[in-house]
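# Close look at the chain arrangement
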Amino acid sequence: MIQYLKYYFIFALLLTSTAVCSQNFNTKSPLCNTCENELSLKFESTSFFKNNEYFNEFTKGFTGIGYFAKPSLQYYFTKNTKVNAGVFLQQYSGLEKLSQVIPVFSVQQRLLKNTDVIFGSIHGSLSHQLEEPLFRFDRYYQNNVEYGLQALHKSKFVTADLWLQWENYIFKNDTEQEELQAGMVFKFNVFSKDKFSLQVPLQMLMYHKGGQIDVSPNAAISLFNGASGLSFKQVLKNNNNLTYESLFFWYRGLLLPQSGINTQAFNNGSAWYFKLKHHIKNINYSIGYWTANKFIAPKGEYLFLSISENDSTFAEAKRSLLTAKGAYTYNISKSVKIEVRADAYYDTINSSFDYSYGLYLLLNEDFFIKKLKPKPSTSKK
């Protein structure tokens, strides 16, 4: 009886307090039309504490605690061309040295009025705004830096993010396989009038592991994921709205091997996710229902999947979850946010309850250094 009361208390806490929306972790920054020839210092940092209380066959609980920082110099060659160069530093609490030191470099170029392209360190991780079954939240602090090529578009009717991320580059005769990921996230604004609006989201991911110049004995694999559906929003008052989402997910494996470490338990699968979300001022919370059959997503949260993170021999075709999520965001200043997040998952098939909670302090600021005057060009007559 005490155990059930504990679960009831946690669910009640989740539904009345809340959590962090991935939108608050969005690091996409538009180009500045008045910043030509400006040099500045950009500082981004997140201090994180995330505790996963997971007790199931699909993934195990753990605690992530530490910080990462990304200081960089930012220079505008023109109002349409920006360069960033810096370093990504990460340290987990309890370690005496940094766990990651990664140079970051990117060039952002505006090609059209509403379209930018980025080479190098792209706006990745939670900035893609992928659904949780396709992208696990913990990857925000575990694999934050993404390198590749990205195109961003934003207009009245369409918002788009297309990218190619190279996870493991190989040379001739390498013993490892190359790994890459290609994705696209669209939001189509179908209808908007008065207090009602309708969006059609479309998300697609392709994960490939293989290559032709390596000497690895492992077979190549290509896994495809997608999600689409309807998102209906009703504005109740200012900073107070309801959103209902009905999303269909799919998974396909291409030319999967029958044996070896790249073998997959299922060749294809699908799922539905129904969500009701409420936003009021600094509070966001939601409830949802997930039902899946043979669904696999290489970067997704394992609680939603039909395979196990810890045991490659374990798989369960049918999955069914009730979810409750919440988030509270406090804006200390324009550049400093503190956020509290809590998530709960109830597996209706296995009658198991899992939950997580976290605390995050986010800093994001640009410090103007000076406006540089390009050296005038000289030409000999």
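Looking now at the overall build of the protein. Within the protein, the secondary structure is distributed over 2 helices and 16 strands. For 381 residues, the compact-globule estimate of 2.2 N^0.38 gives 21 Å, and the C-alpha radius of gyration of the protein, at 22 Å, lies within 12% of that figure. With respect to the three principal axes, the spread of C-alpha positions in the protein is 85 × 60 × 50 Å. In the protein, which comprises 381 residues, the proportion classed as buried is 45%. Partitioning the intrachain contacts of the protein with sequence separation of at least 6 by distance along the chain shows that 62% fall at a separation of at least 24.

Another aspect to go through is the nonpolar core. Ranked by size, the top nonpolar core spans 45 residues in total, and within it L134, F249, W290, F295 and F304 carry the most contacts. The contacts of W290, once residues within four sequence positions are left out, are P133, F249, A271, W272, Y273, F295, F304, R319, S320 and L321.

For the coordinates displayed, the defined rule picks out 1 disulfide. Covalently, C32 is tied to C35 through a disulfide, its sulfur atoms 2.1 Å apart. Residues C32 and C35 are joined through a disulfide that is right-handed, its torsion about the S-S bond being 70°. Residue classification places C35 among the buried residues on the basis of a relative accessible area of 12%.

Next up on the list: the confidence of the model for the protein. For the protein, per-residue confidence averages 91 on the pLDDT scale, and residues scoring 70 or more make up 92% of the total. Ignoring residues within four places in sequence, the model shows residues 1-21, a span with pLDDT below 50, making 44 contacts including any to other chains.

In this section: the environment of L276. With respect to the helices and strands, the residue L276 is situated in strand 12 (residues 268-280). Classification of L276 by relative accessible area gives partly exposed; the value is 40%. Taking the C-alpha atoms as reference points, L276 and Y302, 26 residues apart in sequence, are found 22 Å from one another. Non-local contacts of L276, meaning those with residues more than four positions away in its chain, are made with T243, Y244, Y285, S286 and I287.

Taken together, F188, V190, F191, F196, F232, Y244, L276 and I287 make up a surface patch of nonpolar side chains, about 710 Å² in accessible area. Sorting elements by how many residues they give to the nonpolar patch places strand 8 (residues 178-193) first, with 3 residues. Look at I287 and you get partly exposed, because its relative accessible area is 41%.

Our focus in this paragraph is empty space enclosed by the protein. In this structure the tally under the stated criterion is 1 cavity of 30 Å³ or more. In this structure, the largest cavity encloses a volume near 50 Å³. Residue lining of the largest cavity: L134, Q181, L205, M206, Y207, L223, N225, A297, P298 and K299, and that is the complete set. It is strand 9 (residues 196-210) that contributes the most residues to the lining of the largest cavity, 3 residues altogether. Residue classes in the lining of the largest cavity are distributed as 7 nonpolar, 2 polar and 1 charged.

In this section: unusual backbone geometry. Positive phi, normally seen in glycine, also occurs at D194, with a value near 55°. As for its placement among the helices and strands, D194 is situated in the loop between strand 8 and strand 9. Classification of D194 by relative accessible area gives exposed; the value is 74%. Positive phi, close to 55°, is recorded for K294, a residue that is not glycine. Mapped onto the fold, K294 is located in the loop between strand 13 (283-293) and strand 14 (318-331).

The rules behind each value
- Residues numbered from 1 in each chain as written.
- Predicted model: local features only at pLDDT ≥ 70, side-chain atom pairs only at ≥ 80, totals over all residues.
- Heavy atoms only, no water.
- Helix = DSSP H or I, 4+ residues; strand = E, 2+ residues; numbered from the N terminus.
- Rg over C-alpha atoms; globule rule 2.2 N^0.38 Å.
- Buried < 20%, exposed > 50% of the residue type's maximum accessible area, 1.4 Å probe, protein only.
- Contact = heavy atoms within 4.5 Å.
- Core = buried A, V, L, I, M, F, W, Y, C linked by side-chain atoms within 4.5 Å.
- Disulfide = S-S within 2.5 Å.
- pLDDT = per-residue confidence, 0-100.
- Patch = residues over 30% accessible without salt bridge, like charges linked within 9 Å, V, L, I, M, F, W, Y side chains within 5 Å.
- Areas by Shrake-Rupley, 256 points an atom, 1.4 Å probe, with all protein chains shown as cover.
- Salt bridge = Lys/Arg side-chain N within 4 Å of Asp/Glu carboxyl O.
- 1 Å grid on protein atoms, 1.4 Å probe; cavity = no way out; pocket = protein on both sides within 12 Å on 5 of 7 lines; lining within 4 Å.
- Points joined across faces, edges and corners; volume = space filled by probe spheres on them.
- Nonpolar A, V, L, I, M, F, W, Y, C, P; charged D, E, K, R; others polar.

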